[in-house]
Amino acid sequence: MPFPDVKLANRPLHFLYLCDCSGSMAASGKMQALNQAIRQSLPGMAAVARDNPEARVLVRAVRFADHAVWHIETPTPVDQLEWRDLQAGGITAMGEALKLVAAALQTPPMEVRALPPVLVLISDGQPTDDFAAGLEALLRVPWAQKAVRLAIALGHDADLEVLQRFIGTEPATAGRSPRRPLQASNATSLAQYIQWASTAVVGAASMPASRVSETPLEPAAGNIPLPDLPPTVLDPTDDVGPLVW
Amino acid sequence: MSWILPEGASLGFEGLAAPLRIVRGLGGGTQGQVYEVDLEGERLALKWYLPACIARDGGLERRLVASIRATAPNEDFLWPIALLRASPASRPLIRIRDESFGYLMPLRPPAYVGACEHAAGRLAIGLRQVMRACFGLADAFHALHLAGLCYKDVSLGNLFLEPASGGILICDNDNVAVDGADHGAVLGTPGFMAPEVLLGQARPGADSDLFSLAVLLFRLLTRHDPLKGQMELAIRCLDEPARRRLCGEDPVFIFDPVDDRNRPDPIEHAAALITWPIYPRPLQALFEQTFCRGMKQPSRRALTGQWKQELARSLDRRSLCPACGQENFQASGAPALCWSCGAPLPEPITLRLPHGSVVAAPDNELHPHHFDALAGEDLRRPLARVVAHPQDPRRLGLRNLSSAAWSAETHDGRVQAVQPGESCSLAALARIQSPAGPIAVQRPIRPSPIA
């Protein structure tokens, strides 16, 4: 006879992409690279979601250019997600994007109980609107304070200082360097970072992984210990070297 | 996935006479990547570590070498076979700059699936199989602890189940070390870690294994977490500090007989409330022992041998509800109701053995430990199995799985031989003489309509 049909209690894990779609993203194939990186990361993300039955992984995305709008507004289970391509064009309303996310992280519409949300901000330039006001609005929301906030800087024009303010400053802990925005200088490294955020970080936020003694067990700075970044895998077939943004 | 070892390539390793062909990548995580490999026609698995993992865990290589020398405690472990370093000629083919190593182990057969599939409710598996898997787990840790070793990182992620049989496999044995010899970096997986380890007051060892084992058994048997009740519902954001409070600073078992602060919620934690009453009282008592007194006193936790004994006895008590067919495990004697449909359970026919008794229900088995007081509980080599008649499943028989003939005696004194592989009907049977010992058929005072 079958085991009783009972389901494990679970909590939602909200994963939000904040994607820069300003005109500069059209240069050197950056927009295409981002669309590809996210699309390619989805099967791995779905596998992590399957392996973590205590979490219900739900994805949303905001794009920002002249204005910030929802690209995927409904929190969507990752296995049902279809990634429509983002188009580049306009300026960089990053502050507006943060306000949009801040409103979405209010309770309601946010559930009363959840796992820490994961916010991933991807940008290749400088905000053209009031970033500080957007960040302030975001960080007033408790769920945003609890969120794992990651930033990926595309190319050398990205405003690292702004991205650092988004993820917050975290002091160096034993054996670990302080958190910095991830700097993607080409399509390969962008794809690796997107994959890391959508698999390793989602895994860490949904169900804790094995701990080693080096991981601080004390109530540490972050509320979720971040997993190691992917190692640099050398590609022997790639003699020319990837295009550098 | 970017594979560190090139798929399809043949690589040479120090100490291996033949090259190893990398068949395909199977998966990867923060520690390393696992590959299916081919060594002279034999399929094996290779785990290759990331340099960051080796750098963090100074004792890794020493532990692996010791484990390889010690060999596996029993066949349920995917145990390291050999430590591998790339030969100088193959080193340039490995797509990572820093030096690294890996180890060979048996390849997991495809019928075995991750235990989280059961936790998620996606696996078609029976209660008997889940109980057998729990027994296998207790048995494997019994063998490991008796060898003086400890596992340190028990979790759902390191266990595989074969749903058809309830067989298990334990992977990621690279943290195994001599109990008390502290050269390991791993602390365990939060949610499974003993409170004293989570709080940094103790290093993981055999005592903390007993806590983690009980969590894993509870999760397999109930599809729920032993510490997630009302106190978890009071937490809005379940992050690290919250888990630390829930599982370390103030852990309360959801079925603690005294402390009712963390009772399951009827809606959110329905799984625990539905499944807990299925299990017999002595089995529940082992969970209470581990999660109440044993929560703060590691030496009071239920031992692997106790788990083995109660899980084996629970399987011996298994009966089928005549109304709905669901499996029940309640002790005989007291009038009982089916946990699933509420129908009264008739007093079953019981097979009385020199050491214990087994309810006559299809698929229940007699084992050497039922006959020999000195034999430890072991479900691998059954001597007999209760079988249902192919045409009339209400008629039960007993199949001789041993290698010697039995002598079966009916109520009217007739004696017949039951050869190995044959079955005899239980309907008119009084007793069986087998080389292992006598089997007496005990019928309820008021006979049930079955058999």
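Residues numbered from 1 in each chain as written. Chains lettered and ligands numbered in written order. Predicted model: local features only at pLDDT ≥ 70, side-chain atom pairs only at ≥ 80, totals over all residues.

**Observations concerning the overall build of chain A**
Okay, step 1: When you go through chain A residue by residue, the secondary structure sums to six helices and seven strands.
Okay, step 2: Listed N to C, the secondary structure of chain A is β-α-β-β-α-β-α-α-β-α-β-α-β in terms of helices and strands.
Okay, step 3: Burial status across chain A gives 49% buried among its 245 residues.
Okay, step 4: Here the analysis covers contacts within chain A between residues at least 6 apart in sequence; of these, 82% occur between residues at least 24 apart. (Helix = DSSP H or I, 4+ residues; strand = E, 2+ residues; numbered from the N terminus. Buried ≥ 20, exposed ≤ 12 C-beta atoms within 10 Å, placed from the backbone. Contact = placed C-beta atoms within 7 Å.)

**Some thoughts on the overall build of chain B**
Okay, step 1: Secondary structure assignment for chain B yields eleven helices and 26 strands.
Okay, step 2: For chain B, the C-alpha radius of gyration of 25 Å lies close to 22 Å, the compact-globule estimate for 451 residues.
Okay, step 3: Projected onto its principal axes, the C-alpha positions of chain B cover 80 × 55 × 35 Å.
Okay, step 4: In chain B, which comprises 451 residues, the share counted as buried stands at 46%.
Okay, step 5: In chain B, the share of contacts with a sequence separation of at least 24, taken over all contacts with a separation of at least 6, comes to 57%. (Rg over C-alpha atoms; globule rule 2.2 N^0.38 Å.)

**Things to note about the sheet that holds strand β19 (residues 365-366) of chain B**
Residue and element names in this part refer to chain B.
Okay, step 1: Across the sheet, four strands lie side by side as β19-β20-β21-β24; this open sheet has antiparallel pairing. With partners counted over all chains shown, the strands left at the sheet margins are β19 and β24 (423-425), one partner each.
Okay, step 2: In this sheet, β24 lies alongside strand β21 (residues 396-400) in antiparallel orientation, the contact comprising three bridges. In the strand pairing of β24, G397 is matched with S425. (Pairing = 2+ DSSP bridges.)

**Examining the pairing of strand β25 (residues 429-434) of chain B**
Residue and element names in this part refer to chain B.
Okay, step 1: Taken together, the four bridges between strand β22 (residues 406-410) and β25 define a ladder with antiparallel strand orientation. Looking across to β25, one finds that T410 is bridged to L429.
Okay, step 2: As defined by bridge partners, β25 adjoins strand β26 (residues 437-442) across four bridges and the pair is classed as antiparallel. Among the inter-strand pairings, R431 is bridged to a residue of β26, identified as A440.
Okay, step 3: Between the antiparallel neighbours β25 and β26 lie two residues.

**Overview of the interface of chain B and chain A**
Okay, step 1: Counting residues at the interface gives 51 residues for chain B, matched by 37 residues for chain A.
Okay, step 2: Sheet topology places strand β7 (residues 211-212) of chain A next to strand β12 (residues 186-188) of chain B; two bridges connect them, and they run antiparallel. Within β12 of chain B, the residue paired with R211 of chain A across the bridge is G188 of chain B.

**Observations regarding the nonpolar core**
Okay, step 1: Counting 123 residues, the largest nonpolar core has C134, L137, A214, L216 and L217 of chain B as its most contacted members.
Okay, step 2: When neighbours within four sequence positions are excluded, C134 of chain B is seen to be in contact with L217, L220, L221 and L311 of chain B.
Okay, step 3: Counting 76 residues, the second-largest nonpolar core is a separate cluster that includes V101, A104 and W196 of chain A together with L238 of chain B. (Core = buried A, V, L, I, M, F, W, Y, C linked by C-beta atoms within 7 Å.)

**Quick word on the domain arrangement of chain B**
Okay, step 1: Per the domain assignment, the segments making up chain B are domain 1 (10-106), domain 2 (113-309) and domain 3 (347-442).
Okay, step 2: Summarising the inter-unit geometry, the C-alpha centres of domain 2 of chain B and domain 3 of chain B are found 34 Å apart. (Domains from an automatic or database assignment.)

**Here's the deal with the confidence of the model for chain A**
Okay, step 1: Considering every residue of chain A, the mean pLDDT works out to 87; 87% of them sit at 70 or more.
Okay, step 2: A low-confidence stretch, residues 236-240 of chain A stays under pLDDT 50, and its non-local contacts, those more than four residues away or across chains, total one contact. (pLDDT = per-residue confidence, 0-100.)

**A word on helix α2 (residues 60-70) of chain B**
Okay, step 1: Within α2 of chain B the residues assigned to the buried category are L60, R63, L64 and S67 of chain B. Each buried residue of α2 of chain B lies within a common arc of 100° when the element is viewed along its axis, so the set occupies one face. (Arc of directions from axis to C-beta.)

**Observations concerning the pairing of strand β17 (residues 350-353) of chain B**
Residues and elements named next belong to chain B.
Okay, step 1: Only one face of β17 is covered, namely the one carrying L351 and L353; the face carrying T350 and R352 has none of its residues buried.
Okay, step 2: In this structure, β17 lies alongside strand β18 (residues 356-359), joined through four bridges in antiparallel fashion. If you follow R352 over to β18, its bridge partner there is S357.
Okay, step 3: Between β17 and the antiparallel strand that follows it, β18, lie two residues.
Okay, step 4: Both β17 and β26 contribute to a ladder of three bridges, which runs antiparallel. Across the sheet, L351 pairs through a bridge with V441, a residue of β26.

**Remarks on helix α4 (residues 127-146) of chain B**
All names here are of chain B.
Okay, step 1: Here α4 is 20 residues long and its end C-alpha atoms lie 28 Å apart, about the 28 Å a rise of 1.5 Å per residue gives.
Okay, step 2: Of all 20 residues in α4, 18 are buried, a share of seventy percent or more.
Okay, step 3: Immediately beyond the C-terminal end of α4, within one or two residues, lies G148, with a positive phi of roughly 80°. (Expected span 1.5 Å × (residues − 1).)

**Regarding the sheet that holds strand β6 (residues 182-184) of chain A**
For sheets, the rule is that strands pair by backbone hydrogen bonds, running either parallel or antiparallel.
Residues and elements named next belong to chain A.
Okay, step 1: Spatially, the six strands line up as an open sheet ordered β3-β2-β1-β4-β5-β6, and their pairing is mixed. Two strands close off the open sheet at either side, each with one partner strand: β3 (68-77) and β6. Strand-to-strand twist across the sheet, computed as the mean angle between neighbouring axes with direction ignored, equals 15°.
Okay, step 2: For strand β4 (residues 118-123) and strand β5 (residues 148-154), the ladder comprises six bridges, and the chain directions are parallel. (Axes fitted to C-alpha atoms, helices over the stretch in contact; angles between N-to-C directions.)

**Focus on the packing of helix α10 (residues 281-296) of chain B against helix α11 (residues 304-316) of chain B**
Residue and element names in this part refer to chain B.
Okay, step 1: Axis separation between α10 and α11 bottoms out at 9 Å; the angle between their running directions is 155°. Compared by their axis directions, α10 and α11 come out roughly antiparallel. Crossing of α10 over α11 shows left-handed handedness. Touching P282, L283 and L286 of α10 are Q306, W307, E310, L311 and S314, all from α11. (Parallel < 35°, antiparallel > 145°, perpendicular 65-115°, else oblique. Left-handed = near helix turned anticlockwise from the far one by under 90°.)

**Thoughts on the packing of α4 of chain B against α11 of chain B**
All names here are of chain B.
Okay, step 1: As a packed pair, α4 and α11 sit with axes 9 Å apart at the nearest point and diverge in direction by 155°. In terms of their interaxial angle, α4 and α11 are classed as roughly antiparallel. Helix-helix and strand crossings are classified by hand; for α4 and α11 the assignment is left-handed. Mapping the contact onto sequence places R128, M131, R132, C134, F135, A138, D139, F141, H142 and H145 in α4 and T304, G305, W307, K308, L311, A312, S314 and L315 in α11.

**So, the environment of A26 of chain A**
Residues and elements named next belong to chain A.
Okay, step 1: By secondary structure assignment, the location of A26 is in the loop between β1 (11-20) and α1 (30-51).
Okay, step 2: The partly exposed category is assigned to A26, around which 14 C-beta atoms lie within 10 Å.
Okay, step 3: When residues no more than four places from it in sequence are discounted, the contact partners of A26 are M31, A88 and G89.

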